[in-house]
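What follows is each chain in one-letter form.
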Amino acid sequence: MSEKTPLLHYRLTNSTCSEPRDVCKHSGTKAGRGGRRSKGKPARKLGVVFGVVIPTLLSMFSVVVFLRIGFVVGQAGLYQSIAMFLVAYFIITMTVLSVCAISTNGALDAGGAYYMISRALGPEFGGSIGIMFFFANVCSSALYVLGLVEAVMSNFGIPEGVATVAGPHQVLPSGYWWSLLYGTVLLFLCFIVCLVGAHIYAKAAFIVFLIVATVLVSVFMSFFIVRPIVVILPDTSSLNITSLSTANYSGFQLHTLEGNLLPKYTVDYTTGAMMSFVTVFAVMFNGCTGIMAGSNMSGDLKNPSYSIPRGTLSAVLTTFITYNLLSLLIACSCERYLLQRDYSFLGDINIWPPMVTVGVYSSTMSAAMSNLIGASRILYALSKDNLFGGVLALAKKTSRSGNPWASVLVSWLLIQVVLFTGKLNTIAGIVTIFFLLVYAAVNLACLALEWASAPNFRPSFRCFTWHTCTLGIIGCLLMMFLINAIYAFASIAFMLLLVMLIHYLGPISNWGFISQALIFHQVRKYLLMLDVRKDHVKFWRPQVLLMVANPRSCTRLMTFINDLKKSGLYVLGHVKLGSLDKLPSDPLQSSYVSWLSLVDRLNIKSFVNLTIADSVRQGVQNLLFITGFGAMRPNTLVLGFYDDHTPEDHLQGKILLSTGHGMDEASPSMEPSEQRSLIFPSLRGTEEPKDLQGEEYVSVIADAVKMGKNVTLARYFNHFDREEVLGSGRKIRGHRSKMGPFIDVWPLNLLRPDTHGCVDVCSLFLLQLASVLQETRAWSQARLRLFLCVEAGCSLKKEEDTKLQVMLKELRISAQVQMVPWDQVVALHWQRQQEDEEAEREDGIQEFPNTPPQLADEYICAVNSLVRSHVAPQPAVRFLYLPRPPADTSHYHAYLHHLDLLSRDLGPTLLIHGVTPVVTTDF
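The paragraphs below set out a description of the structure included in this document. (Residues numbered from 1 in each chain as written. Predicted model: local features only at pLDDT ≥ 70, side-chain atom pairs only at ≥ 80, totals over all residues. Heavy atoms only, no water.)

**Topic: the overall build of the protein**
Here is step 1 of the chain: Helices and strands together make up the secondary structure of the protein, namely 31 helices and 14 strands.
Here is step 2 of the chain: Counting over 923 residues, the protein shows a buried share of 51%.
Here is step 3 of the chain: Counting contacts in the protein only where the partners sit at least 6 residues apart, residues at least 24 apart contribute 82% of the total.
Here is step 4 of the chain: When the accessible surface of the protein is totalled, it reaches about 43700 Å², and 60% of it is carbon and sulfur. (Helix = DSSP H or I, 4+ residues; strand = E, 2+ residues; numbered from the N terminus. Buried < 20%, exposed > 50% of the residue type's maximum accessible area, 1.4 Å probe, protein only. Contact = heavy atoms within 4.5 Å. Areas by Shrake-Rupley, 256 points an atom, 1.4 Å probe, with all protein chains shown as cover.)

And the structure:
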């Protein structure tokens, strides 16, 4: 079943079958894509006790309860021992609360902690943590096997020393290869149990649990039954420790308790290292990191959401009480010297001494099995999610009962390889750090879900807050660096490396990304803080709405506007003609993914806003009204130029696969029929009519100006080659190329030559946009040229020229100013002006004396020739002044005709009309 399956459907298909069992069993309806869930999902057989409580208890007890509890009390004293347990279990409990919260928030599949983290934080984080968790379980299993071999060899192995006399029970040959053989045999027994299935493992674990429980009962009983004795201490001569060879077990004595209350750190007789609070705490904490043993069995539990919280909390509470009660009994009855010089003293004071040895063997064997089956389940979950392609394809195979035998096999082989290293003292520290990093990630996942405030995150377990998650993260990270700072840094670096590898090489998942929820939460908050009433001209930036009729012919303009918008808002708008009244559903939903995929392919930073309307004008009005939020609204409308040019298809022959958000979790690749390509309508042919008429096009411009939007018309950008243009300005051997791209600005209203000066709002807007384009990284080597049309002796005097230079300096705009004489050109206009002076008075148009009908084509063509004559060198783009549309709609056609003549054959050109102040010198 896909993770996008609605919750109602999930509940209906997974509810208890009310029909006869054989009908339920053989219904065999294929769920998911391609029938991947065909022959029935493997039956989940484990409950709270067998699936969670027993594995967690055995994993947390392991050998610490038998071999290290006396070490902790002997070094730290009873007070600090209880304090250590309180701190350790506080950290553990914070993590357990996060585990309980995530596990009770919907369905939980195989993989335990990996599944929780990956579904909350995404595939990159989850996959990297999953790999580390897998290797931690592998190495931990090998560590327990080797520890069991060493325990067996210490009791039954023939001593390697020549002078050492072997006891009657020491019959096993010793040496590296013999130890490897014993470890292989023990590991093979664990492998056979796990290979049969989780239910056999649960039964074996239950038997081991009974043994360990019996041993613990005997240990507690021994404190009350065994009378004071003298214990012979192990030989410490190899460490040059001169001390007594015996110590006393005093039974319950007040003076014994008083002597064990305070800390007394000394040298560890097994390593010769001086102990401290940190080192003792690290050793003790290693025995408390098995809280995920039950969660790892999530794929085999009947009801993970029910079993994991109850089972894990019960196990944690049981171990906490056991450890503290045992510490109290030890402090009351054992002298400190005994605790510091004999870590296996529990066997010496037991009713039947071999009982503790049996407990050590059983708990160690169980811990090895627990880590083996946990590693196999994590590997199986990783393979199902297809994060590493075909590398883990073999691990997907399961038996008829659903047991992932291939994952068990691979895990067993890896553990066998680790066994060849012999001693794992170096790996033991980093294994614990890996576990702590996983716990920190679980807390982080829960914290992220809580902070995101997603409505669907409503776990039935509510005994947690973001404070508990934060404390859990801090506690886990603190313990990592207390145990070994170098290993902690190395593990974090390894995790980040895996994150990057999965991000760039892994497939796209549809699990949902918590980052999106967090970004939404923060963006909403800051959008509300972004007050439009606090806008100021000195913080102005272009916020562009680019109207796109068909992306096939507009890709080059889309990439150019992406440069022009710099750090501002950029929205691609599209109007589809039609009415929802005549359609069965919204036709824009199916094409939205194609637009987003095109945005990804072009590598532009833009939003997409589509609308449906009866006319293009109405659609553009809708987009200008509704696009954006709060102060993040477009202030500039960009339109393609309206001419008779036949559009060119820049996407012809290019099939762009969508980044696909419909991939099922069980599907390694999408079905061919489900692959979504960029489906855009074919371009308009030469003889086909346009969706937009000329008068409506000018009306769109007029509407935008009335709404206070700046307007830009882009022409000939089908000829704009960004790579070629920007490549001309790249540095050659550390020096700027002399033939860098040029940006030409003509700030004068060329269709209104009687305008005095060039410093108005629209002219400054042209300068600002050109400067913004130059400031972008890609156009940083472009040079700005400012062309001023002058009439000899009258239009631009010397003082005005100086004033212009001062203004450019104050605006911090570096531009090369060129004076362009145009006496002959402007004379054509004045001649026509005198001829039509009487007609102008009759029309009564006072606000717009230069309406298009009063401009002769001869004059406009002369202006066009003047602009085209200044092409040495050829500019990359030109910025021209766009006059305001005429007030009389009957002049729209002439207005558009004049714009066509003005910009004809100029190359990539922007005709710009600015209505808002955008520059200031007040900083």
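Once the structure has been displayed, the description carries forward.
**Quick word on the environment of V745**
Here is step 1 of the chain: Of note, V745 is situated in strand β10 (residues 742-746).
Here is step 2 of the chain: Classification of V745 as buried rests on a relative accessible area of 0%.
Here is step 3 of the chain: In this structure the C-alpha to C-alpha distance between V745 and F879, which are 134 residues apart in sequence, comes to 4.7 Å.

**Examining the pairing of strand β5 (residues 607-613)**
Here is step 1 of the chain: Across the seven residues that make up β5, a large majority, five, are buried.
Here is step 2 of the chain: Sheet topology places strand β4 (residues 570-577) next to β5; seven bridges connect them, and they run parallel. Within β5, the residue paired with K576 across the bridge is I612.
Here is step 3 of the chain: One crossover worth recording links β4 to the parallel β5 by way of helix α22 (residues 588-602), and it is right-handed. (Pairing = 2+ DSSP bridges. Right-handed = clockwise from strand over helix to strand, strands pointing away.)

**Structural notes on the side chain of E696**
Here is step 1 of the chain: Within the secondary structure, E696 sits in helix α24 (residues 694-706).
Here is step 2 of the chain: Of the buried charged residues, E696 lacks a salt bridge, with R617 as the closest side chain of opposite charge at 6.5 Å. (Lys, Arg positive; Asp, Glu negative; His and termini not counted. Salt bridge = Lys/Arg side-chain N within 4 Å of Asp/Glu carboxyl O.)

**Observations regarding helix α7 (residues 123-156)**
Here is step 1 of the chain: For α7, with 34 residues, the first-to-last C-alpha span of 48 Å sits near the 50 Å given by 1.5 Å per residue.
Here is step 2 of the chain: Taken across its 34 residues, α7 has 26 buried, putting it largely inside the fold. (Expected span 1.5 Å × (residues − 1).)

**Remarks on unusual backbone geometry**
Here is step 1 of the chain: Look at K566: it is not a glycine, yet its phi comes out positive at around 50°.
Here is step 2 of the chain: Relative to the helices and strands, K566 resides in the loop between α21 (555-564) and β4.
Here is step 3 of the chain: Using a relative accessible area of 37% as the deciding quantity, one classes K566 as partly exposed.
Here is step 4 of the chain: Of note in this structure, D905 is not a glycine but carries a positive phi near 60°.
Here is step 5 of the chain: Locating D905 in the fold gives a position in the loop between α31 (892-903) and β14 (909-913).

**A closer look at the nonpolar core**
Here is step 1 of the chain: Ranked by size, the top nonpolar core spans 159 residues in total, and within it F223, I330 and C334 carry the most contacts.
Here is step 2 of the chain: For this core, the leading source of residues is helix α5 (residues 69-103), giving 19 residues.
Here is step 3 of the chain: Residue contacts for C334: discarding those within four places in its chain leaves F223, N248, Y249, S250, T256, N260, L339, F345 and I349.
Here is step 4 of the chain: Counting residues in each nonpolar core, the second largest holds 57 residues, with L764, L767, L769 and L784 among its members. (Core = buried A, V, L, I, M, F, W, Y, C linked by side-chain atoms within 4.5 Å.)

**Regarding the sheet that holds strand β11 (residues 783-790)**
Here is step 1 of the chain: Strand order in the open sheet formed by 10 strands is β5-β4-β3-β6-β7-β14-β13-β10-β11-β12, with mixed pairing between adjacent strands. Lying at the two open borders of the sheet, with one neighbouring strand each, are β5 and β12 (816-821). On average, adjacent strands in this sheet sit at an angle of 25° to one another, irrespective of strand direction.
Here is step 2 of the chain: Seen against the sheet, α31 touches β7 (710-715), β13 (877-881) and β14 and runs at an angle of roughly 55° to β7. (Axes fitted to C-alpha atoms, helices over the stretch in contact; angles between N-to-C directions.)

**Some words on the environment of L444**
Here is step 1 of the chain: Checked against the element boundaries, L444 lands in helix α17 (residues 425-452).
Here is step 2 of the chain: Since its relative accessible area comes to 31%, L444 is described here as partly exposed.
Here is step 3 of the chain: As for L444 and A120, which are separated by 324 residues in sequence, their C-alpha atoms are 9.3 Å apart.
Here is step 4 of the chain: Aside from chain neighbours lying at most four places away, what touches L444 is L121, F125 and I473.

**Comments concerning helix α16 (residues 405-419)**
Here is step 1 of the chain: Its 15 residues give α16 an end-to-end C-alpha distance of 21 Å, which sits within 8% of 21 Å, the value for a rise of 1.5 Å per residue.
Here is step 2 of the chain: Along α16, the residues classified as buried are A406, S407, V408, S411, W412, I415, Q416, V418 and L419.
Here is step 3 of the chain: Packed against the buried residues of α16 are α7, α8 (176-196) and α15 (354-385).

**Quick notes on the packing of aromatic side chains**
Here is step 1 of the chain: Within the structure shown, the criterion is met by 26 aromatic pairs.
Here is step 2 of the chain: Measuring from ring centre to ring centre gives 5.2 Å for F71 and Y343, while their planes differ by 75°; the resulting arrangement is edge-to-face. Within this pair, whereas F71 is found in helix α5, its partner Y343 is found in the loop between α13 (336-341) and α14 (345-348), the two being separated by 272 residues in sequence. In this pair, the class of F71 matches that of Y343, namely buried.
Here is step 3 of the chain: Their ring planes at 35° and their centres at 5.4 Å tell us that Y642 and Y697 sit as a pair that is tilted. On the criterion of sequence distance, the pair formed by Y642 in the loop between β6 (636-640) and α24 and Y697 in helix α24 is long-range, its members being 55 residues apart.
Here is step 4 of the chain: Lying across the ring of Y642, K690 places its NZ or CZ 3.9 Å from the centre.
Here is step 5 of the chain: Against the face of F742 rests R785, its NZ or CZ located 4.4 Å from the ring centre. (Phe/Tyr/Trp six-rings, centres within 6.5 Å; stacked < 30°, edge-to-face > 60°. Lys NZ or Arg CZ within 6 Å of the ring centre and 35° of its normal.)

**Looking at the pairing of β7**
Here is step 1 of the chain: Most of β7 sits out of view: six of its six residues are buried.
Here is step 2 of the chain: Across the two faces of β7 the burial is the same, with N710, T712 and A714 and V711, L713 and R715 all buried.
Here is step 3 of the chain: Pairing geometry for β6 and β7, over five bridges, is parallel. Note that in β7 the partner of V638 across the bridge is T712.
Here is step 4 of the chain: Relative to β14, β7 runs antiparallel, the two sharing five bridges. Opposite L713, over in β14, you have L911 as the bridge partner.

**With respect to the packing of helix α3 (residues 48-61) against helix α9 (residues 198-225)**
Helix packing geometry: the angle between the two helix axes and the distance between the axes.
Here is step 1 of the chain: As a packed pair, α3 and α9 sit with axes 10 Å apart at the nearest point and diverge in direction by 50°. Classed by the angle they form, the pair α3 and α9 counts as oblique. Here α3 runs over α9; the crossing is left-handed. On the side of α3, the interface is formed by F50, I54, P55, L57, L58 and F61, while α9 contributes Y201, A202, A205, F206, V208, F209, V212 and L216.
Here is step 2 of the chain: In terms of residue class, the contact of α3 with α9 is built from 14 nonpolar, no polar and no charged. (Parallel < 35°, antiparallel > 145°, perpendicular 65-115°, else oblique. Left-handed = near helix turned anticlockwise from the far one by under 90°. Nonpolar A, V, L, I, M, F, W, Y, C, P; charged D, E, K, R; others polar.)

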